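Structural description and commentary
Residues per chain, in single letters:
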Amino acid sequence: MLEIGSHPHPKPHKEALYILLSNHLVLTQQQRYLFSFEDFHPTADMRSVYCGQLEGKDVFVCRFRQPPKGFTEQGLRELILTPDETTYSVLSRAHQLSTWDVDHQFCGRCGTPLKDKHDKEHTKICPRCNLRHYPRISPCVIVSVRKGNQLLLARNVNAPVGHFSNIAGFVEAGESLEQAVVREVQEEVGITIRNLEYMGSQPWSFPHQIMVGFFAEYASGEVTPAVGEIAEAGFWPVDELPNIPNPASISGKLVLAHQERIRSNLS
Ligand SMILES: [Zn+2]
């Protein structure tokens, strides 16, 4: 796993490992995504951020506008949604830190250019008004709802036919995680829920969410998909679920864990 640590952040150096991005895409060679300094040529438009240490080596993420030659550009999703949790954590963090660096080049309050990063933490402090600019992390809730031995699944209007998932959404300003879960389920499928239970969380770097997962029980109402948002939704018996999300995502983990719970209660 990537060690985050709180020591001073080094500058890029020859013994470090490098993750290379071309805008939001990851540069790879035969699925390899960690490179040494000799593997690429730093360019004037390259932006680098220190990410932490992996097995004692400093790791940096570098973003190019014009990518160096000899690399394949791959989407983050296809690289991280594998059973390898180290790859997930390293690329998630690198991608989020690089997004912060690119998206905070000017102070949001007074417009002053933000040239320097803090040397011990990931923040840029405005030299004019002192406002701190941290990586943005957006909390989202995701919930698996059961009704007896059935699980709720929904298909977003943008998802291909046959691809179902859990109900999920962004937490609103001033809202608790629990309130967000109740509201999202009500808004998206028109039912009420009870007995919320925390399951786990997962960083979701598309571009900077933290997904917070819950189990819940159906309480009342008819499943009514929200027009323009949910194409279809319903309860499926745990042994006859349709195409469920990738098991490396928290959505897939939620469904599998809930399925397991219901089965062990039935046996
Ligand atoms: Zn400022």
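Within an unreviewed UniProt entry, the label attached to the protein chain reads NAD(+) diphosphatase, and the organism entered is Maribrevibacterium harenarium. Its UniProt record gives the protein chain a comment under Cofactor (unreviewed entry), which states: "Mg(2+)".

With that out of the way, let us pick up the UniProt feature "domain: Nudix hydrolase" (unreviewed entry) in the protein chain. In this numbering, the UniProt entry assigns the feature "domain: Nudix hydrolase" (unreviewed entry) to residues 135-260. Along residues 135-260 the backbone is 19% helical and 43% strand, and the end-to-end C-alpha distance reaches 36 Å.

Turning to the domain arrangement of the protein chain, a few remarks are in order. As assigned here, the protein chain comprises domain 1 (1-103), domain 2 (104-135) and domain 3 (138-266). The gap between the C-alpha centroids of domain 1 and domain 3 is 32 Å. On the domain 3 side, the residues contacting the 11 residues of domain 1 number 12 residues. Both faces considered, domain 1 and domain 3 share a buried interface measuring about 930 Å² in area, 59% of it formed by carbon and sulfur atoms. Of all residues in domain 1, Leu-81, Tyr-88 and Gln-96 give up the largest surface area on contact with domain 3, accounting jointly for 53% of the area buried on that side. Linking domain 1 to domain 3 there are zero salt bridges. Our count for the domain 1 to domain 3 interface comes out at four residue pairs in polar contact (both at pLDDT 80 or more). Elements with a minimum of two residues in the side of domain 1 that touches domain 3: α1 (76-80) and α2 (85-103). Considering every element that reaches the side of domain 1 that touches domain 3, the biggest residue donor is α2, with six residues. Along the lines of polarity and charge, the residues of the side of domain 1 that touches domain 3 split into four nonpolar, five polar and two charged.

Taken together, Cys-107 (SG), Cys-110 (SG), Cys-126 (SG) and Cys-129 (SG) make up the protein donors of the zinc ion, found 2.3 to 2.4 Å from the metal. Taken together, the four donor atoms coordinating the zinc ion and their angles of 101 to 118° define a geometry best described as tetrahedral. The sequence motif formed by the donor residues of the zinc ion is C-x2-C-x15-C-x2-C. Here Cys-107 is found in the loop between α2 and β6 (124-125), whereas its partner Cys-126 is found in the loop between β6 and β7 (132-133), with 19 residues between them in sequence. As far as burial versus exposure is concerned, Cys-107 and Cys-126 are alike and both buried.

By the definition in use, this model includes 13 salt bridges. The residue Lys-124 makes a salt bridge to Asp-101 at a minimum N-O spacing of 2.9 Å. Taken together, the positions of Lys-124 in strand β6 and Asp-101 in helix α2 put the pair 23 residues apart, joining distant regions of the chain. Assessed through its relative accessible area of 2%, Asp-101 is described here as buried. The partner of Glu-187 in a salt bridge is Arg-183, and the shortest N-O contact between them spans 3.3 Å. In this pair, Glu-187 and Arg-183 both sit in helix α3 (residues 177-189), four residues apart, roughly one turn of the helix. Given the relative accessible area of 44%, Glu-187 is considered partly exposed. Here the residues in one salt-bridge network are Arg-47, Asp-101, Lys-117 and Lys-124, joined through shared partners.

Reading guide: rules and limits
The written sequence of each chain sets the order in which its residues are numbered from 1. For a predicted model such as this one, the threshold for reporting local features is a pLDDT of at least 70, and the threshold for listing and counting side-chain atom pairs is 80 or more; totals across whole chains, interfaces and linings nevertheless cover every residue. Values shown for side chains rest on all heavy atoms present in the structure; no hydrogens or waters enter the calculation. UniProt positions are given in the numbering used here, feature names are shortened, and annotations may be inferred rather than shown by experiment. Counting from the N terminus, the helices are the DSSP runs of H or I reaching at least four residues and the strands are the DSSP runs of E reaching at least two. Start and end points for every domain follow an automatic or database-based domain assignment. Any two residues whose heavy atoms approach within 4.5 Å at even a single point are treated as in contact. Summed over both partners, the accessible surface that disappears when two parts come together, traced with a 1.4 Å probe, is what is meant by buried area. The term salt bridge refers to a side-chain nitrogen of Lys or Arg lying within 4 Å of a carboxyl oxygen of Asp or Glu. A 3.5 Å cut-off defines polar contacts: any pair of N or O atoms within that distance qualifies, except that in protein one atom must be a possible hydrogen donor and the other a possible acceptor, and neighbouring residues in sequence count only when both atoms are side-chain atoms. When residue character is reported, Ala, Val, Leu, Ile, Met, Phe, Trp, Tyr, Cys and Pro are called nonpolar, Asp, Glu, Lys and Arg charged, and the others, Gly included, polar. Here a donor is any nitrogen, oxygen or sulfur atom (N, O, S) within 2.8 Å of the metal, with 3.2 Å used for Na, K and Ca; water is not among the atoms considered, so some sites may look incomplete. In this scheme the shape depends on donor count and angles: four donors with every angle between 85 and 135 degrees give tetrahedral, four or six donors with opposite pairs above 155 degrees and others between 65 and 115 give square planar or octahedral in turn, and any other case is irregular. Classification of residues uses two cut-offs on accessible area relative to the type maximum, computed with a 1.4 Å probe and protein chains only: under 20% is buried, over 50% is exposed, and between them is partly exposed.

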